[in-house]
Protein chains: 2
Amino acid sequence: MAKQWVYMFSEGNADQRNLLGGKGANLAEMTRIGLPVPQGFTVSTEACNEYIANGNELSEDMVKQIKDRMKDLNEISGKSFGDSENPLLVSVRSGARISMPGMMDTILNLGLNDVTVEALAKKSNNPRFAWDSYRRFIQMFGDVVQEIDKNKFEAVLDDIKEREGYKYDTELTVDDLKEVVDRYKAIVKEETGKDFPSEPEDQLMQAVEAVFRSWNNPRAIVYRNLNEIPHDYGTAVNVQSMVFGNMGDNSGTGVAFTRNPSTGERKLYGEYLINAQGEDVVAGVRTPEPIARLKEDLPEVYEQFAETAKILEDHYRDMQDMEFTIDDGRLFMLQTRNGKRTAPAALKIAVDMVNEGTITKEEALERIEAKALDQLLHPTFDAEALKEGKVIAEGLAASPGAGTGRIYFTADEAKNAAANGEDVILVRKETSPEDIEGMYASNGILTSRGGMTSHAAVVARGMGTCCVAGVEDIVVDEDQKKMIADGKEYTEGDFISLDGSTGKVYEGSIQTVAPTLSGDFATIMEWADYARRLQVRTNADSPRDAKQALEFGAEGVGLCRTEHMFFDEDRIPAVRKMILSPDVETREKYLAELMPMQKEDFKGMYEVMKEKPITIRLLDPPLHEFLPTDEEEIQALADDMGMTLEEMKANIDSLHEFNPMLGHRGCRLAVTYPEIPAMQTRAIMEAAIEVAEETGADIVPEIMIPLVGMKEELEDVKKTVVETAEKVKEEKGSDISYEVGTMIEIPRAALTADEIAEDAEFFSFGTNDLTQMTFGYSRDDAGKFINEYKEKGFYQVDPFASIDQTGVGKLVQTAVKLGHQTRPDMMMGVCGEHGGDPTSIKFFDKSGLDYVSCSPFRVPIARLAAAQAAIENGKK
Amino acid sequence: MAKQWVYMFSEGNADQRNLLGGKGANLAEMTRIGLPVPQGFTVSTEACNEYIANGNELSEDMVKQIKDRMKDLNEISGKSFGDSENPLLVSVRSGARISMPGMMDTILNLGLNDVTVEALAKKSNNPRFAWDSYRRFIQMFGDVVQEIDKNKFEAVLDDIKEREGYKYDTELTVDDLKEVVDRYKAIVKEETGKDFPSEPEDQLMQAVEAVFRSWNNPRAIVYRNLNEIPHDYGTAVNVQSMVFGNMGDNSGTGVAFTRNPSTGERKLYGEYLINAQGEDVVAGVRTPEPIARLKEDLPEVYEQFAETAKILEDHYRDMQDMEFTIDDGRLFMLQTRNGKRTAPAALKIAVDMVNEGTITKEEALERIEAKALDQLLHPTFDAEALKEGKVIAEGLAASPGAGTGRIYFTADEAKNAAANGEDVILVRKETSPEDIEGMYASNGILTSRGGMTSHAAVVARGMGTCCVAGVEDIVVDEDQKKMIADGKEYTEGDFISLDGSTGKVYEGSIQTVAPTLSGDFATIMEWADYARRLQVRTNADSPRDAKQALEFGAEGVGLCRTEHMFFDEDRIPAVRKMILSPDVETREKYLAELMPMQKEDFKGMYEVMKEKPITIRLLDPPLHEFLPTDEEEIQALADDMGMTLEEMKANIDSLHEFNPMLGHRGCRLAVTYPEIPAMQTRAIMEAAIEVAEETGADIVPEIMIPLVGMKEELEDVKKTVVETAEKVKEEKGSDISYEVGTMIEIPRAALTADEIAEDAEFFSFGTNDLTQMTFGYSRDDAGKFINEYKEKGFYQVDPFASIDQTGVGKLVQTAVKLGHQTRPDMMMGVCGEHGGDPTSIKFFDKSGLDYVSCSPFRVPIARLAAAQAAIENGKK
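The text that follows walks through the structure, step by step, so that each part is easy to find. Numbers given for residues are sequential positions, taken from 1 along each chain in its written order. Note on labels: chains are lettered from A, ligands numbered from 1, in written order. With the structure being a predicted model, the display of local features is reserved for residues of pLDDT at least 70 and the display and counting of side-chain atom pairs for 80 or more, all residues being used for whole-chain, interface and lining totals. The basis for every side-chain value is the complete set of heavy atoms in the structure, and neither hydrogens nor water enter the calculation.

**Digging into the overall build of chain A**
And step 1. Secondary structure follows DSSP: runs of H or I at least 4 residues long count as helices, runs of E at least 2 residues long count as strands, and numbering of each begins at the N terminus. The helix and strand inventory of chain A stands at 34 helices and 33 strands.
And step 2. Projected onto its principal axes, the C-alpha coordinates of chain A cover approximately 100 × 60 × 50 Å.
And step 3. Exposed residues in this analysis have more than 50% of their type's maximum accessible area, buried residues have under 20%, and partly exposed residues fall in between, with area computed by a 1.4 Å probe over protein chains only. Within chain A, buried positions represent 57% of all 876 residues.
And step 4. Within chain A, counting contacts between residues at least 6 apart in sequence, those at least 24 apart form 68% of the total.
And step 5. Accessible surface area values rest on a Shrake-Rupley calculation with a 1.4 Å probe, where residue burial reflects the displayed protein chains alone. Summing over all exposed atoms, chain A offers an accessible surface of approximately 34600 Å²; the carbon and sulfur share of this is 45%.
And step 6. Charged residues are defined here as Lys and Arg on the positive side and Asp and Glu on the negative side; His and the ends of the chain fall outside this count. For this purpose, a charge sits on NZ of Lys, CZ of Arg, CG of Asp or CD of Glu. Both charge centroids of chain A, one from 97 positive and one from 155 negative side chains, sit 4 Å from each other. Should any heavy atoms of two residues lie within 4.5 Å, those residues are considered in contact.

Put into structure tokens, the structure is as follows:
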């Protein structure tokens, strides 16, 4: 027997979303529970995949089953598809498993031709309605099935309206519409070389094929890539009897939510139009009425609709987004689905529904998209103030949040201005590690170059500072301290405002509103903390970040990078001289200068975090990153160290690397310059001991050795660390405990984690580097091909945004298993960017890690995602 | 009961090499089979490891056991250690599992002090002998146990000789020697702050400890690293009763081999000195006599020795290297071991012993060190001619073999001169990919910069051309076309000669001798081919290389790199214009220019290899490698393409990468520029079809896609390849078969090999890149730390020379397993440099690969190593 490709609505239910798509499954479900739904059938997602695998051809089975179901539909409706007296018309819509814009649009009124249009005119007693429906059908079919430029159709309407002196489409007469139909058909003939298909079955098959084809149109592929939707889901096609909202004043159409999707308030929310078809609502020619008005217009229908909405929300146990049509006083439900909502609404609805007794706390947690919390965790523009804002340019929304301030063109000036209490926006062509402090001091960062993974973007996201990157329309002149945007010149000190969530740049200062973690948000977080198994730490390099993260609920610092502290203006000269030292003695001299400063950094961290753990990573980047690049600075450094410019340049050149990512960094530095980890260990230990004494807190420093690939490296550096730490303890008469662990970020470390665990007291997975090395490409250089990879659909997920479970994830799981073989109670966490990604967090929970660590502004997201993971993985 | 740490010679046997060390095991074995051996005992390697683990301290057990065995020795010898009348003296020697220079030297005459020296004088009736033995003992002990600068002792001797007007040590009188002893003791007191130990037991314990400590002296560690000897083997200590070869004219000492170690000839070979101790032979004061002379001097002893040598060779079934002493007419064997031999001798001895019926063919194959064949596979200097050679500089022995010719300073000039029939040596500061052709045309390459992994070194080894790299004493002036070596100026056209096996640079032309693969060598290769399971292919980019490899027995080409063909002077302009093309059409135009040339390359390869497989890798390196770097060439290219210099520079800059290794290369190029693999596929297919038609050979092209990390990449590029190949087949009316496979060189590819095998018809492990990515460092950049890693003993083996079985090897085995799950009959090979390394070959054999591929000059090594692997792994 042939496989079933087509299902009547009455055959399915809500659980068959994968087979019937979301829309089809819900139409079936509404049919099943007795709600008024225009009947029809669904061609399944399996049929779509089969169609594609078959070289874009409908199989004979499919065609036969569609025709058979059409016959069933004739019977149900009491009409007949293509009939010259009582013709059945249908709509054709796509409906994937997950709601997905970019797919094919709706086709209404399918089944009309020169014969059936007359029957419709006669039966409706409304020839204008019939011919308008016909021309609309041809226009939609021509556009979406035959891919004819829709402007060609619009041009005909405009032409006739101009000729006749009409202002609105509604002024077109029946004869005008007949002329439109004729001219539309001519366009189709010219564009396709064939007559417009007059046979309804032919129209139907073409429409079904067009839906299937649209699954792989570029917009749809891009959308799936952006939203991490697998490419093999396929779409279903829904064929449904037409009902008409444009049959008179007791007809209409509308959309509504069972609760307010912006605020979550429990009240029907939506709008409708009397005497209109769906597309009129969208077209915006007439202004729809709020749904409450329906109570006055058609009170009985309103009652029935309100009742239906309640049934649906109770049935689905979630806020519903519904489409309906009123055909001659009769209500028809065309669609229902769980409604999209803003993050505040999501929180309120979830909490309310728990309080109403509709869902459990676990369900409430599962209902909220963790990523969506992001919009609540950054400053936003005051909605009223924003209305006055003038957009002067647009770039990439590189780091979310809103910021306002005076513009400065160098990091130093930004920093100084901020120190004077000014609100600052740093404007640069692009940023580099030397700009860190200035970036840190700013309310926002604007760059005219660079993409989503540029230095500015990555660092800003880490800091939680808003950033608009790659604003190519703005000309930045750092030397002249000015920028030109939208034809106007802005100079140092002028106010601008940035929205890092939209990429918009505004003139002047716009008031911002700080994020709060209270009310429903706080309630959800409390539930999440109860539900989750994974701990949530934060990546923080400064007391300020640590404090912010604590407010957001961080339970420790999973990654404190010591190198960011090296870029401070007061320190960089000593850092550079340390790096360029000709011998160990000289290097130790400069390190001794740096030690007290590093110690103060760590004291600051411990004072904030108290007993909460802080994992401090020893110096990681290649040393050349700290060296000056511009001639003037090189000259100054040369003078300072008593060298000629040429000597200094040669000195700097000697540190050049072909592949810095694969070069002399991480523990490789610590092995060759043991005096560096010795200095850092001393700073950490002294800081911990002193703060412990001052505050009475029981501090256990966690010292992390980066980039280990072989147990021998770890052994060697650990020896330096332990020797120094023990010496400090002795000097200070302290019996403080401390732990020495390692990053797992080199494939070989994961593969030999059993050996490495002999010396490592904890593991922290550096999944950024691990991803780069496992894939064999650097993020800095992948720009040249990675977009093409995304467009071609190579990735189910972007491996830098969400961990590649098939490859990189296998290494993580191998390392967890091997590490625990050697040291069963070993603490293991993740400190890469994946630590803040909900999908990755689920994977890490399942893989048995103990914590994730993420930037402060992602801590609440991680808390919720960890709870969802625990619920899904059934671990807690 | 305490563990046994000490073994009498009579307790052990030859199989206990791991426990007793090589020397100890053989002394025990000789004792066991009744040969005359001065008796003694061995402190085991386990004791050494325990000593080190114990913080360099002998345990009580050990001390007690040594003392007890000393008592046994007193009994056996009929003398008594420390006795004032009949004192026992002993020698103390190190003896590791594997013979290992760099360890502690021998100490003779231990047990002497102010009392026993008199007894010895009296008993030997030779006070001079006794006092000379005493001063020698103090000197040796002071040097190797107490680590006192030995020049201090020499100075005393010199002082007295000068004072007395002596020329030789032998002129020293008993009184002189007594003075020497006193002054030696004073030195010891001054240097150590303590008296010279007079207690024999104390002397013994200190000597044993010194041997154990010497296991971890820097020289020993370096030697182990260089020779891939594990650091946890430990050394044993042999304590043996002294016999004296310096007791008169019926005493003597010598060393001998059972066969000639240079030629393999079956005849006693060695030398001896009458009336001498071992160190006299080494010191070179007197010239030793050939062993044959012993027949005249002491015919009975000679007979006994010849008989003993035969017993030993028969017993060990291998050529022996023996030390003996004649004490007052009595022969004593002090040591025997399998003798080291040159590669030709190894071959002859192995073949002879099979013919003599002593060993099997398998044993013969196992006896020959595969790596040692290298010296037979390159041109060498004629031995007579070399005697006249004048060394003018020395550098790194970067690529073996000898070469002579006129010097040229640019690749182009070298190429032109070679085209005119000149013998050429290319001299450069360093080489780059643009120099390939000139390097290829040269008999040898000399660079003044760069190490063993510099471009010159790596490429030269691949080509089998001799290379001396990093000759820092030579000043190369490429502009002036001259070099200064040893104070003399050499200009273009002057003759020099290079020995890439020693790193020596000679003035003038020295005649070379070509390698042959005949005689014993051919016999061994024949046996190896019968024994091995692994196929041996070669890496060859040119017909010349392929031909050379065929002569050496290659069974196919495992890696033909297409990019080397792109650097040809005739092609590089088109290559560059192709790369810098603004659009696909332009790029296709230049590719069309390149296609016929690539096709000719491949035809050349197929004409040589006929039906033997050739795996051709599609373009791999980042495109910027092909672009010019010097201003003049950039200008020329700009003119050629109608751009300004600035535009061209910007164009070139846009291809810059931060980490080229992790950038836009390999299949990533093929995905983004499908027209490149399309061109290359066309060239391959047309070449194969045409050569197949011309020769009737059944050619099956193997097209290999590099740098795949995801199955999606392979799918995409394979589609391009297959479409093009099918088109060519159709155009040519051919039904040729072909295979499309991939490199496994990205960690993720290994981890997901099951998925990748769905599309790959073969795997070739690129273990060079796989090693770099798995360790997370590039060879180009590792120079800054890798030497330190080696010195610190981080590596059991250099992972670039021999595959890292723990980490990288695990990925290889994972990929083999996963790949075979999907495609059980899949052909898998290795084409990294590891393919020519015997240890790695054993690992690959065990891992179930089908072939290894290596440079032409390593093919015979690989054939032998593959045979040894099959025998060891018991697979064939």
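Next comes the rest of the description.
**What to know about the relation of the copies chain B and chain A**
And step 1. To superpose the copies, least squares is applied to the C-alpha atoms of every residue with a pLDDT of at least 70 in both. Structural alignment of chain B on chain A gives an RMSD of 0.3 Å, achieved by rotating through 180 degrees and translating 0.3 Å along the axis. Overall, the copies show the geometry of a two-fold rotation axis. Proximity to the rotation axis, assessed at the C-alpha, singles out N659(B) in chain B; its C-alpha lies 2.2 Å from the axis.
And step 2. The fraction of interface residues of chain B whose copies in chain A are also interface residues reaches 100%, indicating that both copies meet through the same surface.

**Examining the sheet that holds strand 18 (residues 444–447) of chain A**
Residue and element names in this part refer to chain A.
And step 1. The strand order across the open sheet built from 8 strands is 14-24-23-16-17-18-19-15, with neighbouring strands paired in mixed fashion. Each having just a single partner strand, strand 14 (391–394) and strand 15 (396–399) make up the two edges of the open sheet. Strand after strand, the sheet turns through a mean of 30 degrees between neighbouring axes, direction not considered.
And step 2. Two strands are said to pair when DSSP picks up at least two bridges between them. With 3 bridges connecting them, strand 18 and strand 19 (residues 466–469) associate as parallel partners. Within the sheet, the bridge partner assigned to L446 lies in strand 19 and is V468.
And step 3. Sitting on the sheet, helix 16 (residues 411–419) is in contact with strand 16 (402–408) and strand 17 (424–428), with an inclination near 175 degrees to strand 17.
And step 4. To define axes, lines are fitted to C-alpha atoms, for helices over the stretch in contact only, and angles between the resulting N-to-C directions are given on a 0 to 180 degree scale. Against the sheet, helix 18 (residues 455–463) contacts strand 15, strand 18 and strand 19, and its axis sits at roughly 45 degrees relative to strand 15.

**Side note on the side chain of T258(B)**
Residue and element names in this part refer to chain B.
And step 1. Considering the arrangement of structural elements, one finds T258 in the loop between strand 8 (252–257) and strand 9 (269–274).
And step 2. Overall, the relative accessible area of 8% leaves T258 in the buried class.
And step 3. Any pair of nitrogen or oxygen atoms within 3.5 Å is treated as a polar contact; in protein, a donor-acceptor pairing is required on top of that, and neighbouring residues in sequence qualify only through side-chain atoms on both sides. Among the polar contacts made by the side chain of T258, one reaches the side chain of E313 at a distance of 2.6 Å.
And step 4. Reaching out from T258, the side chain makes a polar contact with the backbone nitrogen of Q320 at a distance of 2.9 Å.
And step 5. The residues contacting T258, other than those within four sequence positions of it, are K267, L268, A309, E313, M319, Q320 and M322.

**Some words on the pattern of salt bridges**
And step 1. By convention in these notes, a salt bridge is any Lys or Arg side-chain nitrogen within 4 Å of a carboxyl oxygen on Asp or Glu. A complete count under the given rule lists 142 salt bridges over all chains for this structure.
And step 2. Its salt-bridge partner being D159(A), residue R183(A) comes within 2.8 Å of it at the nearest N-O pair. You can see R183(A) sitting in helix 7 (residues 174–192) and its partner D159(A) sitting in helix 6 (residues 150–164), a full 24 residues away along the chain.
And step 3. Residue R561(B) is joined to D541(B) by a salt bridge in which the shortest nitrogen-to-oxygen separation is 3.2 Å. One end of the pair, R561(B), is in strand 27 (residues 557–561); the other, D541(B), is in the loop between strand 26 (535–539) and helix 20 (543–551), and 20 residues separate them in sequence.
And step 4. Taking the relative accessible area as the measure of exposure, R561(B) reaches 24% and is therefore partly exposed.
And step 5. Given the relative accessible area of 12%, D541(B) is considered buried.

**Some remarks on unusual backbone geometry**
Residues apart from glycine generally show negative phi values, whereas peptide bonds are mostly found in trans.
All names here are of chain A.
And step 1. Unlike most non-glycine residues, N56 shows phi in positive territory, near 60 degrees.
And step 2. When you line up the elements, N56 lands in the loop between helix 2 (45–53) and helix 3 (60–77).
And step 3. With phi around 55 degrees, N275 is a residue other than glycine that occupies positive phi space.
And step 4. Its location among the elements puts N275 in the loop between strand 9 (269–274) and helix 10 (278–283).

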